[in-house]
Amino acid sequence: MTKPLSFLAFHNPVSHGYHPIDSRGLEGPLNNLQTQVAESGLRGSDLVTTAASKQAANIPANKSIPPVMAGMDKAEALAFVSRMFDAASAGAAIWGDPLLVKRFLSQCSRTGSEETIRGYRREIRDFMRWRDMHHPHLLLREMTAPFCQDFVDELRREVEAERLKPRTFNRRIAAVSSLFRWASEPSRSAVTGVPRNPIPSRSLLHAEKTTRGLSEEQVGLLLAAICRSMRCDPRAPRDYVLVKGSYLLGCRVGELARLKWEDVERLSDGGQIHLFGKGSKSRVVRVSGDTLALFESLGRGEADSYLFPSPRRNAHLSRQAIGDVCRKWGRAAGFHLHPHQLRHSHATHAIRRGCDVFVLAGSLGHASTSTTAHYVAANPKESSSLRLG
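Values in this document were obtained by computation on a predicted structure and should not be read as measured data.

A.B. asks: Could you give an account of the environment of P195, naming the residues involved and the relevant values?
C.D. replies: Looking at where P195 falls in the secondary structure, it is placed in the loop between α8 (189-192) and α9 (216-228). P195 sits 114 residues away from V81 along the chain, and the two C-alpha atoms are 8.7 Å apart.

Pasting the structure below:
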């Protein structure tokens, strides 16, 4: 005999209780289904029916299936309901939004990269902010494909109005889609309550990977602007080392921020700097004696102390603080500057001066030379044809 659909409420406040951080469960829309089913005398096997059978049972088609399951294949929907039934029978509780996001963020990076986790957290927070504005009564597991299409459409309008870049659009959509895809995997959908990924497929935009850095003239203007302020700005000497050092190393913002004195090593013919980068990978960059002297002009500290400590706490400068430094001196030089532009500038200028693409890939910490090749493509003045006459 088929079990009745009372399990679709998933939790009885008296017998099971709710998860402590789950204030609104699936019981809302699914209890409506339970009532309708009870009144109509349907069995569990009749949960997903044809339009004709719905009409025969005198149940409106748009009310007989929870919105999150509308449009799902019958076998897929029944498998999801079966998993929820088994989980409920075992006493499992459906995760609330905070726990769902927390669990996802703990597994979103294979290497445990803090930068990756922060990126996902930022994009998911933006989506939840949009959800709270337009559908405050819904949990993440109750977001349907039409609602998510509205989210995608709104972001597209932002791109069309040039208030959002295509790459930012793609990053945001990909992050939210990853969350729902992870939550809807059969191994965990019974506790997340997410039956499928509601983000529309083929939503990403074509976004060329541009690698625009500063010209060598702009780099000179930037450093000159900092030098002119050294007498009146006590932080200008530090900022000069930060900006020029970032350009000379071609490192990422996080790598520069985490630099400690034990990472700066003097050699007989210059020096080398140890960087801990993306994907928890470390690399060594050889530097000239002049570059080493630039960093040591800050005054060497203890081995485990940061080159660029935060003045407010016992830590290094944050990404935001380094971004503020770059924007400040960019304005002084007459153009917009963000930290990653210094990395782009390093790569572009190195290619123009004849640096081998494999050497550059190693210095930048690229896992593949295909990433480094974008800098070659951005400099059409060089080609194999010119080498042949």
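A.B. asks: Could you give me a rundown of the packing of aromatic side chains, with the residues and numbers involved?
C.D. replies: On inspection of all chains with the given rule, the structure shows 7 aromatic pairs. Aromatic pair F127 and F180: ring centres 6.0 Å apart, planes at 90 degrees, arrangement edge-to-face. Note that F127 is positioned in helix α5 (residues 114-134) and F180 in helix α7 (residues 166-183), a separation of 53 residues in sequence. The burial state of F127 is the same as that of F180; both residues are buried. A connected cluster of aromatic rings, assembled from ring pairs, spans W95, F104, Y120 and W182.

A.B. asks: Which residues make up the packing of α9 against helix α13 (residues 319-333), and what are the values?
C.D. replies: The description of two helices packed together rests on the angle between their axes and the distance between the axes. With their axes 8 Å apart at the nearest point, α9 and α13 run at an angle of 100 degrees to one another. Between α9 and α13, the interaxial angle falls into the category roughly perpendicular. Contact residues: α9 offers L221, L222, A225 and I226, while α13 offers W329, G330, A332 and A333.

A.B. asks: Go over the pattern of salt bridges, please, and point to the residues and values.
C.D. replies: Close approach of charged atoms lets side chains of opposite charge pair. This structure, assessed with the given rule, holds 21 salt bridges. Between E115 and R118 there is a salt bridge, with its nearest N and O atoms 2.7 Å apart. Taken together, the positions of E115 and R118, both in helix α5 and 3 residues apart, correspond to about one turn of that helix. A salt bridge links D126 to R129, with the shortest nitrogen-to-oxygen separation between them at 3.8 Å. Separated by 3 residues within a single helix, D126 and R129 lie in helix α5, roughly one turn from each other.

A.B. asks: Before we move on, can you summarise the nonpolar core with the specific residues and values?
C.D. replies: Residues L222, L242, V243, L249, F308 and L342 are the most contacted members of the largest nonpolar core, which totals 38 residues. Elements with a contribution of two residues or more to this core: α9, α10 (236-249), α11 (253-257), β2 (270-276), β3 (282-287), α12 (289-296) and α13. Counting residues per element, this core draws most heavily on α10, which supplies 7 residues. In this structure L242 touches L256, F308, L317, I322 and V325, once residues within four positions along its chain are discounted. Within the second largest apolar cluster, 31 residues are counted, among which are F104, F169, I173 and V194.

Here is what the cut-offs are and how they apply
- Residues numbered from 1 in each chain as written.
- Predicted model: local features only at pLDDT ≥ 70, side-chain atom pairs only at ≥ 80, totals over all residues.
- Heavy atoms only, no water.
- Helix = DSSP H or I, 4+ residues; strand = E, 2+ residues; numbered from the N terminus.
- Phe/Tyr/Trp six-rings, centres within 6.5 Å; stacked < 30°, edge-to-face > 60°.
- Buried < 20%, exposed > 50% of the residue type's maximum accessible area, 1.4 Å probe, protein only.
- Axes fitted to C-alpha atoms, helices over the stretch in contact; angles between N-to-C directions.
- Parallel < 35°, antiparallel > 145°, perpendicular 65-115°, else oblique.
- Contact = heavy atoms within 4.5 Å.
- Salt bridge = Lys/Arg side-chain N within 4 Å of Asp/Glu carboxyl O.
- Core = buried A, V, L, I, M, F, W, Y, C linked by side-chain atoms within 4.5 Å.

Fair warning: the whole summary comes from geometry, so function is off the table for now.
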